[in-house]
Amino acid sequence: MTEKQLVHKTVLVDEVLEYLDPKPGHVYLDATFGSGGHTRAILEREPKCSVISLDWDQVALDTYGPALKEEFGDRLTLIWGNFALLYKLVRENKIKRIDGVLADFGTSQIQIINRPGFSVHRDTPLDMRMSPAHQKITAAELLNKGTEEKLREIFWQFGQERNARQIAAAIVQERVIKPFRTTKQLADLIERVSPNKNRRIHPATQVFQALRIYVNKELDNISAFLAAATSALDEQGRLVCISFHSLEDRLVKQFFKEKEREGILNILTPHMISASEEELRENPSSRSACLRAAEKREEI
Ligand SMILES: C[S@@+](CC[C@H](N)C(=O)[O-])C[C@H]1O[C@@H](n2cnc3c(N)ncnc32)[C@H](O)[C@@H]1O
């Protein structure tokens, strides 16, 4: 399927609009453009605001950007870049004000279906990079060169994989005979060595998640982004974050708490916000999404 035929189902749209609360004349930054679902929702909700949308996936920007640019003209600016480098991007693009920032972390459903290495259900090269220009090491290189200890640590830390030890040992044995090249080779090996075969999800799901997070430095990027976004926000500007697993959500939750203690942010969501029953019925993959929002305090 071509990228254009695929659609990422945008999550928590009403909740994003409620917490971002777009206002006339204000400028919003969508740090994770994807296929532009949230960007569109913001531009449609407030016809006198503008949006600067960022993604490090050039294919996503090229596929979904032009139609939105045509529709919204100068109200939309598209920027290719890593949100971890937001300080630099703001400076280079001469962005003068930001009244609200949205980040919908992780991968888009399109990347999972269409890009090499992401899906445990399709046999593709073990790449897993969301932006080859930003990441040099592929999942295959990591599996073929990483030490057993390193692999075990990655599977445990980023995938909470209980069989991390057995899987890492099996990978190190297997790669001597046949270096890892494809998703199927890895998925089959994990299926063979995982003691519990009755799981609801594929036994390699957590290892795939762990490799993806490591290859793309996802957690380091989120930490850098949260700090940069908070400092780039104007007073009373809002920061809205959507996470898809507990490792991401923990970073957001702890960051908000720390900045509230320092008197920089006010937390707007004492508890995480998740998808409504209606959204869950229409889009079951929204079940893992959780939203947190905070507002930058006025300086006294
Ligand atoms: C869940 S999707 C966003 C979907 C989007 N909100 C929509 O409605 O279509 C996440 C997007 O964030 C991008 N992304 C992930 N990490 C990034 C980073 N460090 N810098 C820039 N973009 C990133 C991915 O390439 C992907 O397109």
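In short, a report on the structure. (Residues numbered from 1 in each chain as written. Predicted model: local features only at pLDDT ≥ 70, side-chain atom pairs only at ≥ 80, totals over all residues.)

1. As for the overall build of the chain
Line of reasoning, step 1. Looking only at helices and strands, the chain has 13 helices and 8 strands in total.
Line of reasoning, step 2. Compactness check: the chain gives a C-alpha radius of gyration of 20 Å against a globular reference of 19 Å for 300 residues, within 12% of the reference.
Line of reasoning, step 3. The principal-axis extents of the C-alpha atoms in the chain amount to approximately 60 × 45 × 40 Å.
Line of reasoning, step 4. Here the chain, with 300 residues, has 45% of them falling under the buried criterion.
Line of reasoning, step 5. Put simply, of all contacts in the chain between residues at least 6 apart along the chain, 68% involve residues at least 24 apart. (Helix = DSSP H or I, 4+ residues; strand = E, 2+ residues; numbered from the N terminus. Rg over C-alpha atoms; globule rule 2.2 N^0.38 Å. Buried ≥ 20, exposed ≤ 12 C-beta atoms within 10 Å, placed from the backbone. Contact = placed C-beta atoms within 7 Å.)

2. What about the site of the ligand?
Line of reasoning, step 1. With respect to spatial proximity, 22 residues lie near the ligand, and among them Thr 10, Thr 32, Gly 34, Gly 37 and Asp 57 are the closest.
Line of reasoning, step 2. For the shell around the ligand, the secondary-structure elements that each account for two or more residues are α2 (37-45) and β2 (50-55).
Line of reasoning, step 3. The class makeup of the residues in the shell around the ligand is 6 nonpolar, 13 polar and 3 charged. (Near = placed C-beta within 6 Å. Nonpolar A, V, L, I, M, F, W, Y, C, P; charged D, E, K, R; others polar.)

3. Let's talk about the environment of Lys 96
Line of reasoning, step 1. The residue Lys 96 is located in the loop between α4 (86-92) and β4 (100-104) in this model.
Line of reasoning, step 2. Classification of Lys 96 as exposed rests on a count of 8 C-beta atoms within 10 Å.

4. Topic: the environment of Leu 29
Line of reasoning, step 1. Along the polypeptide, Leu 29 turns up in strand β1 (residues 27-30).
Line of reasoning, step 2. C-alpha of Leu 29 to C-alpha of Leu 76: the two residues are 47 residues apart in sequence and 9.9 Å apart in space.
Line of reasoning, step 3. If sequence neighbours within four positions are ignored, Leu 29 has contacts with Ile 52, Leu 54, Ile 98 and Val 101.

5. Structural notes on the packing of helix α1 (residues 13-20) against α2
Line of reasoning, step 1. Two numbers describe how α1 lies on α2: the axes approach to 10 Å, and their chain directions differ by 55°. It follows from the interaxial angle that α1 and α2 lie oblique. Judged by the twist between their axes, the crossing of α1 over α2 is right-handed. For the pair formed by α1 and α2, the contact residues are Val 13, Val 16, Leu 17 and Leu 20 on the first element and His 38, Ala 41, Ile 42 and Arg 45 on the second. (Axes fitted to C-alpha atoms, helices over the stretch in contact; angles between N-to-C directions. Parallel < 35°, antiparallel > 145°, perpendicular 65-115°, else oblique. Left-handed = near helix turned anticlockwise from the far one by under 90°.)

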